[in-house]
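Descriptive structure summary
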Amino acid sequence: MRDLVEQVIDGQGRRGAVAGGARRGRTVTVNRRESPLSWLAARGLIDARQNEAGERLRADYERAALAPAVTMRWVPRVDGGTAESMHPTEACVAAKRRFDAAIADSGRGLADILWRVVCAGESLPDSERALDWPARSGRLVLSLALDRLADHYRLP
């Protein structure tokens, strides 16, 4: 799905909404439903192996239900009720173990950027500011983290 909005870019590269339809300075069209990882992959800033590793980590993060929740979690059975598949609670625990192992294998210094960009969906500039890193250093560190993650998943 696409949710395109027009945003203004200021001198420091920060984006803001276009006020009242008036365009001042540079503008950019942003798809708000696109994850930062898929944005980087679409522009060739990370390769397919790194993207696959990040998507696997994000999938385990979501299956493990690690994101903050505001309401109670109702888990419906989607397997048709067969006894052969894993119970939703067991699947959640298994995903949490896979997520923890992948984060541990990535290393202490790289886990922060992986979690922020891949799991929390923060943009690279926002992650750099939150971690007090120099501008445009996040992509290099994220690439290293995704390479380690791909090695963990034994991707070709």
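About the criteria used
Along each chain, residue indices are assigned from 1 in the same order as the chain's sequence is written. Only residues with pLDDT of 70 or above have their local features reported here, since the model is predicted, and side-chain atom pairs are shown and tallied only from 80 upward, although totals for entire chains, interfaces and linings are computed over all residues. Note that water and hydrogens are dropped before the side-chain values are worked out from all heavy atoms of the structure. When a carboxyl oxygen of Asp or Glu lies within 4 Å of a side-chain nitrogen of Lys or Arg, that pair is called a salt bridge. Numbering goes from the N terminus for both helices and strands, where a helix is a DSSP run of H or I of at least four residues and a strand is a run of E of at least two. Residue-level confidence of the predictor, termed pLDDT, takes values from 0 up to 100. A simple rule labels every residue: compare its accessible area, found with a 1.4 Å probe on the protein chains alone, to the largest value its type can have, and call it buried under 20%, exposed over 50%, or partly exposed in between. Nonpolar core, defined: a set of buried Ala, Val, Leu, Ile, Met, Phe, Trp, Tyr and Cys residues in which side-chain atoms within 4.5 Å join the residues together. Contacts were defined at the residue level, with two residues in contact if any of their heavy atoms lie within 4.5 Å.

**A look at the pattern of salt bridges**
- Considering all chains together, one arrives at ten salt bridges under this definition.
- When the shortest N-O distance is used, the salt bridge between aspartate 151 and arginine 49 registers 2.5 Å. Of the two residues, aspartate 151 sits in helix α6 (residues 138-152) while arginine 49 sits in helix α2 (residues 48-63), which places them 102 residues apart along the sequence.
- Several salt bridges converge on common partners, so that one network encompasses Arg49, Asp147 and Asp151.

**What about the confidence of the model for the chain?**
- Confidence in the prediction of the chain, expressed as mean pLDDT, is 81, and 75% of residues score 70 or more.
- Of all helices and strands in the chain, the one with the weakest mean pLDDT is strand β2 (residues 15-17) (59), whereas α6 scores best (94).

**As for the environment of aspartate 112**
- Relative to the helices and strands, aspartate 112 is located in helix α4 (residues 108-119).
- The class of aspartate 112 is partly exposed, set by a relative accessible area of 40%.
- For the pair aspartate 112 and serine 127, spaced 15 residues apart in sequence, the C-alpha to C-alpha distance is 8.9 Å.

**Let's talk about the nonpolar core**
- Membership of the largest hydrophobic core comes to 25 residues, with the highest contact counts inside it found for Leu57, Leu114, Leu142, Leu146 and Leu149.
- Those elements giving two or more residues to this core turn out to be α1 (36-42), α2, α3 (88-106), α4 and α6.
- At seven residues, α4 tops the list of elements feeding residues into this core.
- Apart from residues no more than four positions distant in its own chain, leucine 114 is found in contact with Leu57, Ile103, Ser106, Cys119, Leu142, Ala145, Leu146 and Leu149.

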